[in-house]
Amino acid sequence: MSRFLLRRLLISVPVLLGISVVLFSILALAPGDPFGELALNPNIPPEVRFNLRKQFGLDDPLVVRYVRWLAAMLHGDWGYSFVSRLPVQQLILQRLPTTLFVLGSAYVLALLIALPVGILSAMKPYSFFDQVATTFAFVGYSLPTFFTGLLFILVFSIYLGWLPFIYSSTIEAGGFAWVLEHVRQGAMPITVLGLFEAASLTRFVRSAMLEVIQQDYITTARAKGLAEYRTILKHALRNALIPVVTVVALQIPAIFTGAVITEQIFRVPGIGSLLIAAIESTDTPVVMAVTFVYAALVILFNLLADLIYGLLDPRITYG
Amino acid sequence: MRTQSDKTMTAVRAAPYGATGLAATRPQSLWRNFWRRFCRHRLALVGMTILMVLTLSTLLGPLVYHHRINDIDFAVSLQGPSLAHPLGTDDLGQDLLARILYGGRVSMAVGLVAMLIAILIGTALGATAGYCGGWVDHVLMRLTDLFIALPPLPLLLLVVYLFRDTMRRLFNPELGIFLLIVLVIGGLRWMQPARLVRAAVLSLKEQEFVEAAVALGTPPLRMVLRHILPNALSPVIVAASLGVGSAILAESSLSFLGLGFPPDMPTWGRLLFDAKDHLDSAPHWALSPGTMIFLVVLSINYVGDGLRDALDARKVL
């Protein structure tokens, strides 16, 4: 197990390196000079500017600059935010838990909806329930999160006044009230994101289950008198989930897209809204670091998907 | 695949007309057959109708509907739907129907052009990888894997943020931002078509008609363009139709985050971005562009679904 994990980690190193090359080349190709403002200031002689450029190595060849940047990133030195003057890693660490909390709860919600609905649809294909479920999944899949988010605010915050539409990270209450307030403010972002994920997940679960249910070993299980729910849950579901995990792993980058938008709509203080704020205030170190964190998260979740694979399919050995 | 539908076609033609008593049956052409199968999917037909109506109204609407998109009139700001302004007005009193019609042109143009770019890059890379094989295939597929692992929205935001001003200076402001957005969206969406084309090319290049073409001395480029790619068309058509929808969504997300088109180019996403701070006083402002995005994407997805059914020769309809 640990050897498998180690090997997978080693495989993801080149991918991370590739992503860092892509990010760095975008930044290097981009116009703009970090000391451009100094050139406009008459009090600073040009020599000072050239010395600064030399000191920070801005005139070195691209490869040298890349290696230096990568080394700094690996040492945990991610630079300082131009706006707040705080270390970038501190900003990100502050906000990462919120993002992961919203994303994780949304995913749990999506699974809670998609698994039963997908399985029931596949058990009785083209029945009334199946038709309703597939239509809803199709419509939900075409509804962008930014529109559902606004609709939710309109209905639940403005017309009904049930839920707050701004996420606050500092809740001044203790015990039960604290939990309740977290649930109330998290309800809308988590539901919006969760429903969107559930829509596509339901489609995958349904089609994977349909394929498995037709196979001979399911007929055998039924023929030997196994209860239907045991046949479905113990024999069919496990095999049906294998392709579902693959598709979910491929979808992870898209999930982060939805997460950035949801965070922005509901002003959730996560790394997505940090990214947008940093772009609006041209805070390049933060923009670069957040993009890199997103890429690293994608790889991490892919790794997780690989591990789940092994749990579902005993033929895969972690040798 | 063409080879299989050709077979069914010749089978239909070969059947003696008199024997079945259907002497009047017209021979089925490839396209007639395709259309017949497409029409079986009723929701795809509905989707196509909606799509055509919306496209025509964004193209022809401004000829009939004579409100300008930037007529500012504070006397009528934030009004709901009325006879003078069928979809209401925004905070500057600008007519929303005019802005939605104009925005539809931009949104759909972005969707189409971005999809074309994605398909072009994807087909070129996929065909090269599949046809050449060996280390070329290996390198190109690792590149594809790398791009699949990239989070699209953060990257889209990063590139637009860094290159926005340069593109505006290089071209005029509108064209610059249009080109930038279209290129970046297309440049981050070619991976799926590339994989589809590669898979199709891999199986096609082992077939006999390719061998025959090799024997006739067909040069590689001609072989790929004339013999292999036309047969790999169906998965690409399906991916392309769905690609338009996802490109429109990507543009809307970008504009919704305030980083896409400027306010004088009101795409549907941009309208939502402007409307989101007035949800309590003017909900109509957000509802109409949002509904348009939803309708267009839903219709495109249904059309794509119908195309998949119609083009999949394994499915008997």
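Reading the values: rules and limits
Residues numbered from 1 in each chain as written. Chains lettered and ligands numbered in written order. Predicted model: local features only at pLDDT ≥ 70, side-chain atom pairs only at ≥ 80, totals over all residues. Helix = DSSP H or I, 4+ residues; strand = E, 2+ residues; numbered from the N terminus. Buried ≥ 20, exposed ≤ 12 C-beta atoms within 10 Å, placed from the backbone. Contact = placed C-beta atoms within 7 Å. Axes fitted to C-alpha atoms, helices over the stretch in contact; angles between N-to-C directions. Nonpolar A, V, L, I, M, F, W, Y, C, P; charged D, E, K, R; others polar. Parallel < 35°, antiparallel > 145°, perpendicular 65-115°, else oblique. Left-handed = near helix turned anticlockwise from the far one by under 90°. Domains from an automatic or database assignment. Expected span 1.5 Å × (residues − 1). Bend = angle between axes of the 7 residues up to and from the residue. Core = buried A, V, L, I, M, F, W, Y, C linked by C-beta atoms within 7 Å. pLDDT = per-residue confidence, 0-100.

In this section: the overall build of chain B. Helix and strand counts for chain B stand at 14 helices and 0 strands. When the elements of chain B are put in sequence order from the N terminus, they spell out α-α-α-α-α-α-α-α-α-α-α-α-α-α. Taking all 317 residues of chain B together, 41% fall into the buried category. Taking the contacts inside chain B whose residues are at least 6 apart along the sequence as the reference set, 69% of them involve residues at least 24 apart.

Moving on: the overall build of chain A. If you tally the helices and strands in chain A, you get 12 helices and 0 strands. Counting helices and strands in the order they occur from the N terminus, chain A gives α-α-α-α-α-α-α-α-α-α-α-α. Taken across its 319 residues, chain A has 32% of its residues classed as buried. For chain A, the share of sequence-separated contacts (at least 6 apart) that also reach a separation of at least 24 residues comes to 70%.

Quick look at the packing of helix α10 (residues 228–265) of chain A against helix α7 (residues 152–170) of chain B now. At a closest axis distance of 7 Å, the pairing of α10(A) and α7(B) adopts a crossing angle of 65°. Between α10(A), through P253(A), F256(A), T257(A) and V260(A), and α7(B), the contact on the second element is made entirely by P152(B), L153(B) and P154(B). Counted by class, the contact of α10(A) with α7(B) contains 6 nonpolar, 1 polar and no charged residues.

Residue and element names in this part refer to chain A. Direction vectors running N to C along helix α7 (residues 145–159) and helix α8 (residues 175–213) enclose 140°, while the axes themselves pass 10 Å from each other. Comparing their axes, α8 and α7 come out oblique. Considering only the axes of α7 and α8, their crossing is right-handed. Residues T145, T148, G149, F152 and F156 of α7 form the contact with α8, whose own contacting residues are M188, V192, L193, L195 and F196. Split by residue class, the contact of α7 with α8 holds 7 nonpolar, 3 polar and no charged.

Before going further, it helps to examine the domain arrangement of chain A. All names here are of chain A. Assigned domains of chain A: these are domain 1 (2–74) and domain 2 (88–312). For domain 1 versus domain 2, the distance between C-alpha centres works out to 35 Å. Contacts between the two partners involve 8 residues from domain 1 and, on the opposite side, 8 residues from domain 2. Taken together, the residues of the side of domain 1 that touches domain 2 sort by class into 5 nonpolar, 2 polar and 1 charged.

Residue and element names in this part refer to chain A. The phi dihedral of Y126 is positive, around 65°, even though this residue is not glycine. Within the secondary structure, Y126 sits in the loop between α5 (88–123) and α6 (128–142). The residue R267 is not glycine, and still its phi comes out positive at about 50°. Its location among the elements puts R267 in the loop between α10 and α11 (271–280). Judged by local crowding, R267 falls into the partly exposed class, with 14 C-beta atoms found within 10 Å.

Glancing now at the interface of chain B and chain A. Between chain B and chain A, the residue contacts involve 34 residues of the former and 36 residues of the latter. Going through the elements one at a time, α6 (134–149), α7, α12 (233–256) and α14 (283–311) of chain B are the ones with two or more residues in the side of chain B that touches chain A. The element contributing the most residues to the side of chain B that touches chain A is α7(B), with 11 residues. Classifying every residue of the side of chain B that touches chain A gives 27 nonpolar, 5 polar and 2 charged.

Let us look at α5(A). With 36 residues, α5(A) extends 51 Å from end C-alpha to end C-alpha; this agrees with the ideal 52 Å at 1.5 Å per step. At R95(A), α5(A) shows its largest bend, some 35°, and a proline, P97(A), comes one to four positions later.

With 38 residues, α10(A) extends just 44 Å between its outermost C-alpha atoms, more than 12% less than the 56 Å of an ideal straight helix rising 1.5 Å per residue. Approximately 50° is the largest bend angle found in α10(A), and it occurs at I252(A), with the proline P253(A) only one to four residues beyond.

What follows deals with the nonpolar core. Counting 147 residues, the largest nonpolar core has L275(A), V290(A), L156(B) and I181(B) as the members making the most contacts within it. Both domains that furnish three or more residues to this core are identified here as domain 1 (2–74) and domain 2 (88–312) of chain A. When residues no more than four places from it in sequence are discounted, the contact partners of I181(B) are V110(B), V160(B), E251(B), L254(B) and G260(B).

Next up on the list: the environment of G176(B). Examined against the element boundaries, G176(B) turns out to sit in helix α8 (residues 173–187). Each C-alpha atom, one on G176(B) and one on G304(B), is 30 Å from the other, the two residues being 128 residues apart in sequence.

Further remarks concern the environment of T220(A). Residues and elements named next belong to chain A. Tracing the chain through its elements places T220 in helix α9 (residues 216–223). Overall, the presence of 12 C-beta atoms within 10 Å leaves T220 in the exposed class. Sequence separation of T220 and T231 is 11 residues, and the distance between their C-alpha atoms is 9.7 Å.

Turning to the environment of L304(A), a few remarks are in order. By the secondary structure assignment, L304(A) is in helix α12 (residues 284–312). Counting along the chain gives 122 residues from L304(A) to H182(A), while the straight-line C-alpha distance between them is 27 Å.

With that settled, the discussion passes to the confidence of the model for chain B. Residues and elements named next belong to chain B. Of all residues in chain B, 86% have pLDDT values of 70 or greater, and the mean over the chain is 81. This model gives residues 1–22 a pLDDT under 50, and the stretch forms 18 contacts once residues within four places in sequence are excluded. As scored by the predictor, the complex reaches a pTM of 0.83 and an ipTM of 0.80.

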